[in-house]
Amino acid sequence: MDAHPVRLIVKDDLERSRPTVFFRLILAIPQLIWITIWTIGIVFVVLANWFVTLTAGRPAKTLHGWTCAYVRYGTHLNAYLYLAANPYPGFTGEQGEYPIDLELPEPGPQKRWKTFFRIFLVLPALLLATALGGGFSTGFSSQKGNTKYSGAFGRGALAATCAFLGWFAILARGRMPKGLRDAGAYGIGYGAQAAAYFLLVTDRYPNADPTAMLGDVERPPEHVVRLVGDADDLRFSRVTVFFRLPLAIPHIIWLLLWGIVTFFAVVANWFVTLFRGTPASSLHRFISRYVRYQLHVYAFLYLVANPFPGFDGAPGRYPIDLVLPQPERQNRWKVGFRIILAIPALLIGTALGYGLGIAAVLTWFVALVRGAAPWGLRNYSAYVLRYQAQTNAYLSLLTEAYPHASPLEGEDTPVE
Amino acid sequence: MTRSRAALLLAFAAVWAVAAWLLWRSSLPAYHLTHLDEHALFPGFVLHRARHFSGVERLFWVGQTVTQLVVLGLFARYGVRWMRESAAGPIGTGMLLGMIGFALVWAAELPFSVLEVWWRHRYGLDGSYVQATVGDWLGLGARFVLLSVALAIVMGLARVRRIGDWWWLPAAPVFVGLTALLAFVSPWLLGGRPFHAAYVSKLERIERVHVPVRVIGGFSEPNAFATGLGPSRRVFLWKPITEGVFTPRLDRFVIAHELGHLAHNHIWKSIGWYALFAFPLAFLLSLAARRRGGMGVPEAVPLVVFVYVVLQLAALPLRNVVSRHMEAEADWSALRATHDPAAGRDLFRLFAGQTREDPDPPWWDYVFLENHPTLLQRIEMTEYYRRHYAAAQSP
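Residues numbered from 1 in each chain as written. Chains lettered and ligands numbered in written order. Predicted model: local features only at pLDDT ≥ 70, side-chain atom pairs only at ≥ 80, totals over all residues. Heavy atoms only, no water.

Engineer: Where do I start with the packing of aromatic side chains in this structure?
Structural biologist: We describe a pair of aromatic rings using the distance from one ring centre to the other and the angle between the two ring planes. Applying the stated criterion to the full structure yields 49 aromatic pairs over all chains. Here the aromatic rings of Phe263 of chain A and Phe264 of chain A are separated by 5.3 Å at their centres, their planes lie at 75 degrees, and the arrangement is edge-to-face. Here the two residues Phe263 of chain A and Phe264 of chain A agree in accessibility, since each one is exposed. Ring geometry for Trp333 of chain A against Phe337 of chain A: centres 6.2 Å apart, planes inclined by 5 degrees, an arrangement best described as stacked. You can call Trp333 of chain A exposed: its relative accessible area is 65%. Exposure remark for Phe337 of chain A: the relative accessible area of 42% places this residue in the partly exposed category. Ring-pair connections join several aromatic residues into one group, and the members of that group are Trp34, Trp38, Tyr70, Tyr73, Tyr80, Tyr88 and Phe91 of chain A. The ring of Tyr197 of chain A is capped by Arg118 of chain A, whose NZ or CZ atom sits 4.3 Å from the centre of that ring. A cation sits over an aromatic face here: Arg324 of chain B above Tyr366 of chain B, 3.9 Å from the ring centre. (Phe/Tyr/Trp six-rings, centres within 6.5 Å; stacked < 30°, edge-to-face > 60°. Buried < 20%, exposed > 50% of the residue type's maximum accessible area, 1.4 Å probe, protein only. Lys NZ or Arg CZ within 6 Å of the ring centre and 35° of its normal.)

Engineer: Is there a simple way to think about the pairing of strand β5 (residues 234-238) of chain B in this case?
Structural biologist: The side chains of a regular strand alternate, first on one face of the sheet and then on the other. Residues and elements named next belong to chain B. Judged by how many residues are buried, β5 sits mostly within the fold: 5 of 5 residues are covered. Residues of β5 alternate between two faces, with Arg234, Phe236 and Trp238 on one and Val235 and Leu237 on the opposite face, all of them buried. The pairing of strand β3 (residues 213-216) with β5 spans 4 bridges and is parallel. Counted as the bridge partner of Arg214 is Phe236 from β5. The sheet contact formed by strand β4 (residues 224-227) and β5 spans 4 bridges and is antiparallel. Among the inter-strand pairings, Ala224 is bridged to a residue of β5, identified as Leu237. (Helix = DSSP H or I, 4+ residues; strand = E, 2+ residues; numbered from the N terminus. Pairing = 2+ DSSP bridges.)

Engineer: Explanation requested: the side chain of Thr67 of chain B in the structure shown.
Structural biologist: Residue and element names in this part refer to chain B. Summarising the element assignment, Thr67 is placed in helix α3 (residues 44-78). The class for Thr67 is buried, based on a relative accessible area of 16%. Discounting residues that sit within four places of it in the chain, Thr67 has contacts with Ala108, Glu109 and Phe112. (Contact = heavy atoms within 4.5 Å.)

Engineer: What should I look at first to understand helix α7 (residues 123-132) of chain A in this one?
Structural biologist: Helical geometry: 3.6 residues make up each α-helical turn, so side chains three or four residues apart lie on a common side. All names here are of chain A. Among the 10 residues of α7, 7 are classified as buried, and the element is accordingly described as predominantly covered. Every buried residue of α7 is accounted for by Ala125, Leu126, Leu128, Ala129, Thr130, Ala131 and Leu132. Of the residues trailing α7, Gly133 is marked for its positive phi of about 100 degrees.

Engineer: Help me understand helix α7 (residues 198-207) of chain B, please; the structure alone is not making it clear to me.
Structural biologist: Residues and elements named next belong to chain B. Taken together, the buried positions of α7 are Tyr199, Val200, Leu203, Glu204 and Glu207. Taken down its axis, α7 places every buried residue within 140 degrees of arc, on the same side. Seen from the buried face of α7, the exposed residues on the opposite side, beyond 90 degrees, are Ala198 and Arg205. Taken together, the buried residues of α7 touch β3, α8 (248-263) and α10 (301-338). Two residues or fewer after α7 comes Arg208, characterised by a positive phi angle close to 55 degrees. (Arc of directions from axis to C-beta.)

Engineer: Please clarify how the environment of Pro221 of chain A should be interpreted in this entry.
Structural biologist: Here Pro221 of chain A lies in the loop between α12 (210-213) and β3 (226-229). Considered as a pair, Pro221 of chain A and Pro206 of chain A are 15 residues apart in the sequence and their alpha carbons are 28 Å apart.

Engineer: Help me understand the sheet that holds β5 of chain B, please; the structure alone is not making it clear to me.
Structural biologist: Note on sheets: strands pair through backbone hydrogen bonds, and any given pair is parallel or antiparallel. Residue and element names in this part refer to chain B. Across the sheet, 4 strands lie side by side as β2-β3-β5-β4; this open sheet has mixed pairing. Lying at the two open borders of the sheet, with one neighbouring strand each, are β2 (193-194) and β4. Alignment of β2 against β3, held across 2 bridges, turns out to be antiparallel. Looking at the pairing, Arg193 lines up with Val215 of β3. Where α8 meets the sheet, it contacts β3, β4 and β5, and its direction lies at approximately 25 degrees from that of β4. (Axes fitted to C-alpha atoms, helices over the stretch in contact; angles between N-to-C directions.)

Engineer: Explain the interface of chain B and chain A to me, please; I cannot follow it from the model alone.
Structural biologist: Accessible area lost upon the coming together of the parts is a frequently used measure of interface size. Taken together, the contact between chain B and chain A spans 22 residues of the former and 20 residues of the latter. For the chain B and chain A pair, buried surface summed over both sides reaches about 1800 Å², with 78% attributable to carbon and sulfur atoms. Interface area lost by chain B to chain A is led by Glu85, Ala87 and Trp137 of chain B, which between them contribute 35%. The interface formed by chain B and chain A contains 1 salt bridge. Salt-bridge contacts for Arg235 of chain A lead to Glu85 of chain B; the nearest nitrogen and oxygen are separated by 3.5 Å. (Buried area = accessible area lost by both parts, 1.4 Å probe. Salt bridge = Lys/Arg side-chain N within 4 Å of Asp/Glu carboxyl O.)

Engineer: In this structure, what is going on with the packing of helix α1 (residues 3-24) of chain B against helix α9 (residues 266-290) of chain B? I would like to understand it.
Structural biologist: Between two packed helices, the angle of one axis relative to the other and the distance separating the axes together describe the packing. Residue and element names in this part refer to chain B. Interaxial distance between α1 and α9 falls to 10 Å at its minimum, and their mutual angle equals 160 degrees. Between α1 and α9, the interaxial angle falls into the category roughly antiparallel. The crossing of α1 and α9 is left-handed. In this structure, α1 contributes Phe12, Trp16, Ala19, Ala20, Leu23 and Trp24 to the contact, and α9 contributes Lys269, Gly272, Trp273, Leu276, Phe277, Phe279 and Pro280. Here the residues of the contact of α1 with α9 are counted per class, giving 11 nonpolar, 1 polar and 1 charged. (Parallel < 35°, antiparallel > 145°, perpendicular 65-115°, else oblique. Left-handed = near helix turned anticlockwise from the far one by under 90°. Nonpolar A, V, L, I, M, F, W, Y, C, P; charged D, E, K, R; others polar.)

Engineer: I keep staring at the nonpolar core and nothing clicks. Help me out?
Structural biologist: Looking at soluble globular proteins, one finds that nonpolar side chains tend to be buried together. Residues Tyr380 of chain A together with Trp167 and Met295 of chain B are the most contacted members of the largest nonpolar core, which totals 148 residues. At 11 residues, the largest contribution of residues to this core is made by helix α11 (residues 178-198) of chain A. If we ignore the near neighbours within four places in the chain, the residues touching Met295 of chain B are Leu151, Val154, Met155, Ala158, Trp167, Ala289, Ala300, Val301 and Val304 of chain B. Counting 52 residues, the second-largest nonpolar core is a separate cluster that includes Val176, Ala180, Ala183 and Leu335 of chain B. (Core = buried A, V, L, I, M, F, W, Y, C linked by side-chain atoms within 4.5 Å.)

Engineer: When you look at the confidence of the model for chain A in this model, what are you seeing that I'm missing?
Structural biologist: Residue and element names in this part refer to chain A. For chain A, the average pLDDT comes to 90, and 93% of its residues sit at 70 or higher. Averaged pLDDT values for the elements of chain A fall to 39 in helix α9 (residues 147-154) and rise to 96 in helix α15 (residues 281-301). Counting contacts from residues 137-154, a segment whose pLDDT is below 50, to residues more than four positions away or on other chains yields 30 contacts. (pLDDT = per-residue confidence, 0-100.)

Engineer: Teacher, can you tell me more about the pattern of salt bridges here?
Structural biologist: As a working rule, side chains carrying opposite charge can pair if their charged atoms are close by. Tallying each qualifying case throughout the model produces 26 salt bridges over all chains. When the shortest N-O distance is used, the salt bridge between Arg290 of chain B and Asp165 of chain B registers 3.7 Å. Linking Arg290 of chain B in helix α9 with Asp165 of chain B in the loop between α5 (129-158) and α6 (168-190), this pair joins segments that are 125 residues apart in sequence. What makes Arg290 of chain B partly exposed here is its relative accessible area of 37%. With a shortest N-O distance of 3.7 Å, Arg345 of chain B and Asp346 of chain B are connected by a salt bridge. With a relative accessible area of 28%, Asp346 of chain B lands in the partly exposed category. Through salt bridges with shared partners, one network takes in Asp12, Arg16, Lys178, Arg181 and Asp182 of chain A.

Engineer: Can you walk me through the environment of Arg285 of chain A in this structure?
Structural biologist: Topologically, Arg285 of chain A is positioned in helix α15. Sequence separation of Arg285 of chain A and Gly336 of chain A is 51 residues, and the distance between their C-alpha atoms is 21 Å.

Engineer: What should I look at first to understand the side chain of Ser232 of chain B in this one?
Structural biologist: Residue and element names in this part refer to chain B. Examined against the element boundaries, Ser232 turns out to sit in the loop between β4 and β5. A distance of 2.8 Å separates a polar atom in the side chain of Ser232 from the backbone oxygen of Phe184. Engagement of the side chain of Ser232 in a polar contact is seen with the backbone nitrogen of Leu229, the distance being 2.9 Å. Beyond its immediate sequence surroundings of up to four residues, Ser232 is in contact with Ala183, Phe184, Pro187, Trp188 and Thr227. (Polar contact = N/O pair within 3.5 Å; in protein donor to acceptor, adjacent residues only side chain to side chain.)

Engineer: Teacher, can you tell me more about the packing of helix α4 (residues 89-122) of chain B against α10 of chain B here?
Structural biologist: Residue and element names in this part refer to chain B. Taken N-terminus to C-terminus, the directions of α4 and α10 make an angle of 45 degrees; their axes are 9 Å apart at the nearest point. As summarised for this structure, α4 and α10 are arranged oblique, according to the angle between their axes. Like other packed secondary-structure pairs, α4 and α10 cross with a definite hand, here right-handed. In this structure, α4 contributes Gly94, Leu97, Gly98 and Phe102 to the contact, and α10 contributes Val301, Pro302, Val305 and Val309.

See the structure below:
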């Protein structure tokens with residue numbers, strides 16, 4: 001697949017200044033005022049550019065340049081607000097001046113029908129951007145003239161949650177955790193691609209694939225809980241896609257019933273691990289099966305995988321499968337306070353889950369038409385499932401390795 | 001067929017017949033209903049509307065049934081190809097195939113469901129397009145759960161080496177047990193609010209049944225039913241039957257009818273009848289499954305689903321005969337408890353106007369679709385009671 005013309009460049013070193021982070025929102029006020037003013041101007045620019053692109057088949061160079069600067073500036077500002085970068089951004093959207101930057105295309109030919117229907121075509125991308133974050137809240141609100149929309153678009157669940165958690169982490173350690181930064185940057189990058197598409201910078205649709213978005217970013221270390229499977233299998237049966245929700249209901253009920261038993265197993269395992277320092281192997285196996293089964297069911301329900309899963313959570317039977325660790329010694333303090341320690345991961349999991357629902361709905365439509373899932377959305381959903389599985393494994397004492405929020409897969413993932 | 005098999009079959013048929021006779025026995029007198037003229041009982045416009053409405057409804061039923069048979073027939077032939085969409089092992093794959101079969105039927109029947117709502121609206125009856133489409137799409141999930149449980153039981157039993165093709169013998173009692181359990185539990189799940197009327201306790205005393213009577217909402221048509229076993233027995237009234245034109249006198253007849261069902265153990269008898277049908281049905285399904293390698297393999301499921309639907313359709317007239325017999329007994333019980341045949345007559349006349357039900361449908365409708373006596377037959381029974389009993393007893 002060709003690289004997306006709107007490319008996110010991440011040169012951030014994770015170091016943060018505590019005072020500017022503490023006052024980040026207040027410090028950003030002048031920038032927010034400036035982007036509001038700029039947005040009013042860009043409405044007219046984009047309208048003019050829309051007519052030019054419709055008639056000439058490509059955007060006007062000057063208007064395109066102004067729009068690019070606006071999109072880039074919005075990205076800088078989002079990165080600053082969401083703590084994905086440290087320095088105070090400039091007000092002009094210059095390329096190369098900020099650690100989270102955008103590479104934008106030169107004005108090129110654009111399909112007229114895509115230009116004409118752009119406002120409708122962009123809606124799915126904007127919906128997903130709502131979940132991922134990085135939308136230009138004030139900008140789009142002014143354009144649409146509807147503050148209700150701006151609020152929704154500006155509240156990027158993922159980026160905002162990463163920023164919220166990152167704020168505490170930075171104040172404590174002076175550094176942004178890499179997982180949170182990567183996740184935030186990913187959300188911002190997707191928002192930038194959606195904005196670039198909406199504002200006629202490119203007619204290439206935003207790509208939700210995390211690996212493509214953060215291609216230049218260093219991958220995190222391999223996590224003990226990870227996904228395996230055939231990444232290239234995107235084929236979907238239209239009939240099972242259409243009836244996906246009712247078909248999943250028996251699994252959901254079984255998951256619920258099994259979950260009740262698992263809850264008590266986890267409680268028992270908590271006591272065992274607290275006293276022995278190591279989980280009971282029988283309970284560990286039972287809970288592992290449940291966590292794996294949950295992944296299979298969610299992969300089926302959220303259209304990450306095609307086949308109907310089995311009811312037993314057996315390893316190696318499903319195209320999207322989960323590698324889980326053997327019982328290992330765990331720090332008793334971390335076991336004792338596991339629920340409290342898991343709260344940040346649960347928050348991120350919830351934020352990601354919001355996007356997962358949207359991605360599933362969008363995938364449903366695409367898969368019904370094409371008989372295959374879109375690559376980007378499928379990979380985004382797989383990222384969410386991986387993170388949620390890591391959280392479940394952590395919460396249910398299968399591992400003491402904290403979930404890694406980075407959308408990138410861990411390094412040296414063995415191919416199976 | 002060997003002689004021992006023939007003897008076994010004969011013995012089974014004899015047991016079946018004796019059980020059926022025991023279940024058939026009722027408190028109904030040996031009566032002969034005098035045919036009444038429906039034009040004298042119902043206003044002309046009510047009859048005309050009911051006829052017209054029911055006529056098209058019947059066409060919908062025929063269309064749906066034919067569609068169902070065609071779709072499942074094709075599915076029996078080609079459905080196995082969906083096996084590749086499963087990673088769930090033999091039983092899970094069987095469940096998936098079963099669910100896909102009924103999902104395809106649902107999709108094929110969708111135009112009829114939508115047309116039916118439109119038709120109901122034309123006759124001033126309620127119906128929701130959302131409920132008929134999206135709402136029912138989710139309801140399909142609930143049906144899938146039942147289907148999955150059923151397939152898990154029969155396939156699980158068939159996969160036990162010592163049971164194999166004899167799965168139908170243990171499966172039938174399991175399903176009977178589940179039906180009884182459902183009948184026992186369901187009244188507690190339905191909720192509703194208590195219905196208070198002075199006549200209820202008197203009726204309970206006469207019919208020797210003391211159960212709660214409750215009103216449940218969410219329905220647009222007048223109806224009532226009795227359900228439950230032992231301590232869970234209840235009478236439920238749909239809210240519309242407690243309002244408007246349904247006076248306390250009519251409600252008294254309705255409640256007496258429902259109490260009659262409980263007084264004559266109709267829920268238990270229904271389970272008994274279900275058991276009588278379950279064994280031969282399961283046996284015939286096992287014969288069908290053998291053509292595709294037995295019930296333990298998913299390849300058999302599409303054919304079994306098709307055969308199941310055909311057998312259900314074939315058994316429908318017989319089940320309707322049983323159901324009509326029990327409903328007639330409940331009507332008779334209500335007449336004896338209330339001594340008010342006029343209330344019964346008024347109630348059934350009202351039904352024709354309220355539900356657009358044809359008082360005297362054609363024979364094939366009666367055979368396949370009527371699980372109650374027709375409105376005309378029910379009125380004829382009230383008339384029979386009035387002539388032979390009411391005069392001799394005071395209310």
